[in-house]
Amino acid sequence: MKQILWALSIIVLFAACKGKNIPDVKGIPVTLSLQEFDNDFFSIDTSRVGAELDRLATKYPDFLPVYIVSVLGINPQEPMMPEAVKAFINSYKGVHHLGNEVFAKNKNSLFENLKLAIQLFKHYEPNFVIDSPFVITKFVGPMDAFEPFSIGDYGDVRTKNGVGLAMQFHLGADAVVYEESAAHGLFYDYQSKRFLPEIMPVKSVKNLIEDTYPYTFGNRPLIEEIVEKGKRIYLTQQLLPYVNDSLILGFTGKQLDDSYKNEAYIWNYFIKSDLLYNNEGTIKQLYVKDGPKTAELSEDAPGYIGLFIGMQIIKAYVKEKPDVSFSQLMQTPAADILSVSKYKP
């Protein structure tokens, strides 16, 4: 049985990497370190929260203040701060326990993918500074502690010396706690189906990309939004060659297959509907914001369909400019990319 499973894993890896030219980056040194902040935090004596947090502050001087204020949303100066911390710990003990189980099963895969991603980042972007050690910090936050980024909504964060993993969003799509949270309106079913342990390296890499090439939210036409987001999807794919594109895009496997099959129809719809240079926010968000579907195209079309088209435009551009560097790609205006790509599915 183990031999069969091993053989299947090789097939899956081959399928994920088919057609990708992965450079040899073994010589680029990367040291990964794990900080299990969640274990330390959930083991504090809640009868003396103030003193316990002071103790934790010596071990996590940078992360703890950000966690209390930005993740938990607690003002440390408020008299009720200790009670708020105690209430959170009592409410999320089960989530923390499940998070530990999930992380233990997926740690090796996370470390392998993330180490390779950092090595590839340094290979493609020599100016990228590798944190040494690169620290992976586990933590648990509230179920509503996520925010929108350029290519997704997530609760994982870029820390001063690595990345922070919000384990409450990686428990597996079938975790009962997600049903309870959805019932309280914290998020939707289509979102919780992406709360997978396999997504940990994806969110980590997207955070590194966001940090290295900050996305400027502004008043730009739809095609520019599509191309800018496509750049970031493309970079994520290059840094995670062993991760399926469906996970990177947030699509199901079927949604991705259907998007490929209907790529020409999607593009023609944008053109015939005069959408490419539309600048209305309410119109643009139908195609470049998260959602359960893109009803304007089809009841079966996934939300965020603009990410897929952007990805395809960038692939076409890179085919014409195979030696383009990460920095050059990110600095190239959308209009130039569209023109050079000769994109026409």
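Right above here is the structure, for reference.
Residues numbered from 1 in each chain as written. Predicted model: local features only at pLDDT ≥ 70, side-chain atom pairs only at ≥ 80, totals over all residues. Heavy atoms only, no water.

Residue placement: Ser259 occurs in helix H11 (residues 253-261). By relative accessible area, which is 2% here, Ser259 ends up buried. The residues touching Ser259, leaving out its near neighbours within four places in the chain, are Phe251, Ile266, Pro302, Ile305 and Phe308. (Helix = DSSP H or I, 4+ residues; strand = E, 2+ residues; numbered from the N terminus. Buried < 20%, exposed > 50% of the residue type's maximum accessible area, 1.4 Å probe, protein only. Contact = heavy atoms within 4.5 Å.)

Another aspect to go through is the packing of helix H9 (residues 222-239) against helix H13 (residues 281-288). Contact geometry for H9 and H13: axes closest at 10 Å, N-to-C directions at 30 degrees. Judged by the angle between their axes, H9 and H13 are roughly parallel. Where H9 crosses over H13, the two elements pack in a sense that is right-handed. Residues Leu222, Glu225, Ile226 and Lys229 of H9 form the contact with H13, whose own contacting residues are Lys284, Tyr287 and Val288. For the contact of H9 with H13, the class distribution of residues is four nonpolar, no polar and three charged. (Axes fitted to C-alpha atoms, helices over the stretch in contact; angles between N-to-C directions. Parallel < 35°, antiparallel > 145°, perpendicular 65-115°, else oblique. Left-handed = near helix turned anticlockwise from the far one by under 90°. Nonpolar A, V, L, I, M, F, W, Y, C, P; charged D, E, K, R; others polar.)

Burial runs high along strand S6 (residues 162-166): five of the five residues are buried. In terms of strand pairing, strand S2 (residues 134-139) meets S6 through five bridges, oriented parallel. Along S6, the bridge assignment pairs Phe139 with Ala166. What sits between the antiparallel neighbours strand S5 (residues 157-159) and S6 is a turn of two residues. (Pairing = 2+ DSSP bridges.)

On the surface, a cluster of negative charge is contributed by Asp174, Glu179, Glu180 and Asp189. Checked against the element boundaries, Glu179 lands in helix H6 (residues 176-183). A relative accessible area of 57% places Glu179 in the exposed class. (Patch = residues over 30% accessible without salt bridge, like charges linked within 9 Å, V, L, I, M, F, W, Y side chains within 5 Å. Areas by Shrake-Rupley, 256 points an atom, 1.4 Å probe, with all protein chains shown as cover. Salt bridge = Lys/Arg side-chain N within 4 Å of Asp/Glu carboxyl O. Lys, Arg positive; Asp, Glu negative; His and termini not counted. Charge placed at Lys NZ, Arg CZ, Asp CG, Glu CD.)

Counting across every chain of the model gives 17 salt bridges. A salt bridge links Glu228 to Lys231; its shortest N-O distance comes to 2.9 Å. Taken together, the positions of Glu228 and Lys231, both in helix H9 and three residues apart, correspond to about one turn of that helix. Judged by relative accessible area, Lys231 falls into the buried class, the value being 0%. The closest approach of N and O atoms between Lys293 and Glu299, which form a salt bridge, is 2.4 Å. A relative accessible area of 35% places Lys293 in the partly exposed class. Look at the salt bridges and you will find they share partners, linking Glu36, Asp38 and Lys138 into a network.

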